[in-house]
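Chain residues, written in single-letter form:
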Amino acid sequence: MKATHRLIALGLALVLAAGLFAGCSDSEEEEPAVTNTNDAALGGSITWPEEGLDTSATLASAIVGDTLYMVFNGVQARTSGYFTPAGDTITVTSSATTTSETRFSYRVTLWKETYGGREYVDGGTMYFTADGEYRTGTFTGLEAGARYKIGLAYDGGSHYLSGGLTISPLAQADALDEDADSAA
């Protein structure tokens, strides 16, 4: 009986030791998780470029310096072109209004380019209020050199969202594709 208990104790000790060694291996460290402010804070502003951006278009974008400008009029869901952040953080500033008298929330989601498509970035959703006021939030923990895009979504049923947003600082950005995805 004592021998059986000793064998069980030895077996448990080996399992625990193996777990400790596995935790101390030289494997790559995990990437930091992308985080955001969840609810964009009141504040910020957007000065629209004087040329190259039709602010009355259903969907249009312009790239000026390190900032991607995007306007949307009468939409429920759209995506930006791909961009590469200048660092591990981007700031999104947006202002929008809606035709709804009861639903005022819209979301901006972050997507990372993958081979053959895109995938949602875990933790990459930020909420804005469609009351015409400017709001600002950040996404942090982005991967250097990776390409991202944002999705804009308003779950307003038969109602629509109009406004604009900026994303900065960027190292590079693509103009909106004329046939840009209509859903995020």
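From a predicted model like this one, the values you see are computed outputs, not experimental measurements. (Residues numbered from 1 in each chain as written. Predicted model: local features only at pLDDT ≥ 70, side-chain atom pairs only at ≥ 80, totals over all residues. Heavy atoms only, no water.)

Considering the overall build of the chain
- Broken down by element type, the chain carries one helix and 13 strands.
- Starting at the N terminus, the α and β elements of the chain follow one another as α-β-β-β-β-β-β-β-β-β-β-β-β-β.
- In the chain, which comprises 184 residues, the share counted as buried stands at 37%.
- As displayed, the chain offers around 10,600 Å² of accessible surface, 52% of which is attributable to carbon and sulfur atoms. (Helix = DSSP H or I, 4+ residues; strand = E, 2+ residues; numbered from the N terminus. Buried < 20%, exposed > 50% of the residue type's maximum accessible area, 1.4 Å probe, protein only. Areas by Shrake-Rupley, 256 points an atom, 1.4 Å probe, with all protein chains shown as cover.)

Structural notes on the side chain of Thr 125
- Summarising the element assignment, Thr 125 is placed in strand E9 (residues 117-129).
- For Thr 125, a relative accessible area of 12% corresponds to the buried category.
- Among the polar contacts made by the side chain of Thr 125, one reaches the side chain of Tyr 120 at a distance of 2.6 Å. (Polar contact = N/O pair within 3.5 Å; in protein donor to acceptor, adjacent residues only side chain to side chain.)

Topic: the environment of Val 71
- Position of Val 71 relative to the elements: it lies in strand E4 (residues 67-75).
- We classify Val 71 as buried; its relative accessible area is 2%.
- The spatial distance from the C-alpha of Val 71 to the C-alpha of Leu 53 is 8.3 Å, given a sequence separation of 18 residues.

Here's the deal with the nonpolar core
- Phe 83, Ile 90, Tyr 106, Leu 110, Phe 139, Leu 161 and Ile 167 are the most contacted members of the largest nonpolar core, which totals 29 residues.
- For this core, the secondary-structure elements that each account for two or more residues are E4, strand E7 (89-98), strand E8 (105-114), E9, strand E11 (148-153), strand E12 (161-168) and strand E13 (170-173).
- Looking at this core, the element that brings in the most residues is E4, giving four residues.
- Counting seven residues, the second-largest nonpolar core is a separate cluster that includes Ile 46, Leu 53, Ala 57 and Ala 60. (Core = buried A, V, L, I, M, F, W, Y, C linked by side-chain atoms within 4.5 Å.)

Topic: the packing of aromatic side chains
- Per the stated rule, a full pass over the model turns up three aromatic pairs.
- An angle of 55° between the planes, with centres 6.1 Å apart, marks the rings of Trp 48 and Tyr 69 as tilted. Here Trp 48 is found in the loop between strand E2 (41-42) and strand E3 (59-64), whereas its partner Tyr 69 is found in strand E4, with 21 residues between them in sequence.
- Look at Trp 48 and you get partly exposed, because its relative accessible area is 27%.
- Accessibility expressed as a relative area gives 13% for Tyr 69, which makes it buried.
- Measuring from ring centre to ring centre gives 5.6 Å for Trp 111 and Tyr 120, while their planes differ by 70°; the resulting arrangement is edge-to-face.
- Take Trp 111: its relative accessible area is 16%, and that puts it in the buried class.
- Over the ring of Trp 111 we find Arg 118; its NZ or CZ atom is 5.3 Å from the centre of that ring.
- One Lys or Arg, Lys 149, reaches over the ring of Tyr 82 and ends 4.5 Å from the middle of that ring. (Phe/Tyr/Trp six-rings, centres within 6.5 Å; stacked < 30°, edge-to-face > 60°. Lys NZ or Arg CZ within 6 Å of the ring centre and 35° of its normal.)

Remarks on the pattern of salt bridges
- All told, the structure shown has five salt bridges when counted by the stated rule.
- For the salt bridge of Arg 135 with Asp 131, the shortest nitrogen-to-oxygen distance reads 2.9 Å.
- A residue is classified by how much of its surface remains accessible, and Arg 135, at 13% relative accessible area, is buried.
- With a relative accessible area of 38%, Asp 131 lands in the partly exposed category.
- Beyond isolated ion pairs, a larger network of salt bridges with shared partners links Glu 113, Arg 147 and Asp 174. (Salt bridge = Lys/Arg side-chain N within 4 Å of Asp/Glu carboxyl O.)

A closer look at the environment of Glu 119
- Along the chain, Glu 119 falls in strand E9.
- On the basis of relative accessibility, which here comes to 44%, the residue Glu 119 falls in the partly exposed class.
- Taking C-alpha positions, Glu 119 is 9.4 Å from Tyr 148, a pair spaced 29 residues apart along the chain.
- With sequence-adjacent residues up to four places away left out, Glu 119 is seen in contact with Leu 110, Trp 111, Lys 112 and Thr 114. (Contact = heavy atoms within 4.5 Å.)

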